[in-house]
Amino acid sequence: MPIVQDGRKFDSNKPEYGLIPPYSLEELATVLTVGANKYSRENWRFVPEAKRRYFDAMQRHLWAWKRGEILDLETGRHHLGHAAACLFFLFEHDLNKAVESDTNVE
C-alpha cells in the first residue's frame, strides 16, 4: 500500500462550523442552559403557539437591548443571547414544520 505524503480531505462544500462566532455561541449556550434549568431541556419544542410567543419574546429582548438595557434583569444574561435563542427556536420549528400553521409571522 502506497504511503500518502499529502493528506486529503474532501470537505470543501461542507458547512464550516468554525465560522460561528465563539463568544456569541457561548452566550447562546449559556442562555439555553438557564432556560433548561428553569423549565426543562427541550421544553421550547412543546410551547403552545410557539411561533407567536417566541417572536414576541425575541422582540422584547431586542427592544430592551435597543433601549440600552444590555443584561436581562431576571437572568443577568445578555438580551441579544436571549433574542438569539428565540430566533433559533423559531428557525428550528420552521425547518422542522413543528409549529402550528394557523399563526403566521411574515
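What counts and what doesn't
- Residues numbered from 1 in each chain as written.
- Predicted model: local features only at pLDDT ≥ 70, side-chain atom pairs only at ≥ 80, totals over all residues.
- Heavy atoms only, no water.
- Salt bridge = Lys/Arg side-chain N within 4 Å of Asp/Glu carboxyl O.
- Buried < 20%, exposed > 50% of the residue type's maximum accessible area, 1.4 Å probe, protein only.
- Helix = DSSP H or I, 4+ residues; strand = E, 2+ residues; numbered from the N terminus.
- Expected span 1.5 Å × (residues − 1).
- Arc of directions from axis to C-beta.
- Polar contact = N/O pair within 3.5 Å; in protein donor to acceptor, adjacent residues only side chain to side chain.
- Contact = heavy atoms within 4.5 Å.
- Patch = residues over 30% accessible without salt bridge, like charges linked within 9 Å, V, L, I, M, F, W, Y side chains within 5 Å.
- Areas by Shrake-Rupley, 256 points an atom, 1.4 Å probe, with all protein chains shown as cover.

Q: Please give an account of the pattern of salt bridges that cites residues and values.
A: Taken as a whole, this structure holds 5 salt bridges when the rule is applied. With a closest N to O distance of 2.4 Å, Arg 45 and Glu 42 form a salt bridge. Overall, Arg 45 belongs to the partly exposed group, its relative accessible area being 37%. Close ionic contact of Arg 52 with Asp 56 constitutes a salt bridge, the shortest N to O distance being 3.6 Å. Of this pair, Arg 52 and Asp 56 both sit in helix α2 (residues 50-66), 4 residues apart, which is roughly one turn of the helix.

Q: Go over α2 with me, naming the residues and quoting the values.
A: Its 17 residues place the ends of α2 24 Å apart at the C-alpha level, agreeing with the 24 Å of an ideal helix rising 1.5 Å per residue. If you check which residues of α2 are buried, you get Ala 50, Tyr 54, Ala 57, Met 58, His 61 and Ala 64. The buried residues of α2 all sit within an arc of 130° when viewed along its axis, so they share a single face. For α2, the exposed residues lying more than 90 degrees away from the buried face are Arg 60 and Lys 66.

Q: Help me get a handle on the side chain of His 79, residues and values and all.
A: Assignment of secondary structure puts His 79 in helix α3 (residues 79-96). Residue His 79 is classed as buried on the basis of its relative accessible area, which comes to 3%. There is a polar contact of 2.6 Å between the side chain of His 79 and the side chain of Glu 69. At 3.5 Å, the side chain of His 79 and the backbone oxygen of Leu 71 are in polar contact. Excluding residues within four positions of it along the chain, His 79 makes contact with His 61, Ala 64, Trp 65, Glu 69, Ile 70, Leu 71 and Asp 72.

Q: Outline a nonpolar patch on the surface, supporting the account with residue identities and numerical values.
A: On the surface, Trp 65, Ile 70, Leu 71 and Leu 80 cluster together into a nonpolar patch covering about 330 Å² of accessible area. Mapped onto the elements of the fold, Trp 65 is located in helix α2. A residue is classified by how much of its surface remains accessible, and Trp 65, at 35% relative accessible area, is partly exposed.

Q: For helix α1 (residues 22-38), give the residues involved together with the corresponding values.
A: Over its 17 residues, α1 runs 24 Å from end to end, which matches the ideal 24 Å to within 8%, given 1.5 Å per residue. Restricting attention to buried positions, one finds in α1 the residues Glu 27, Leu 28 and Val 31. Around the axis of α1, the buried residues are gathered within 100° of arc, so they sit on the same side. Of the exposed residues in α1, the ones pointing more than 90 degrees away from its buried face are Pro 22, Glu 26 and Asn 37.

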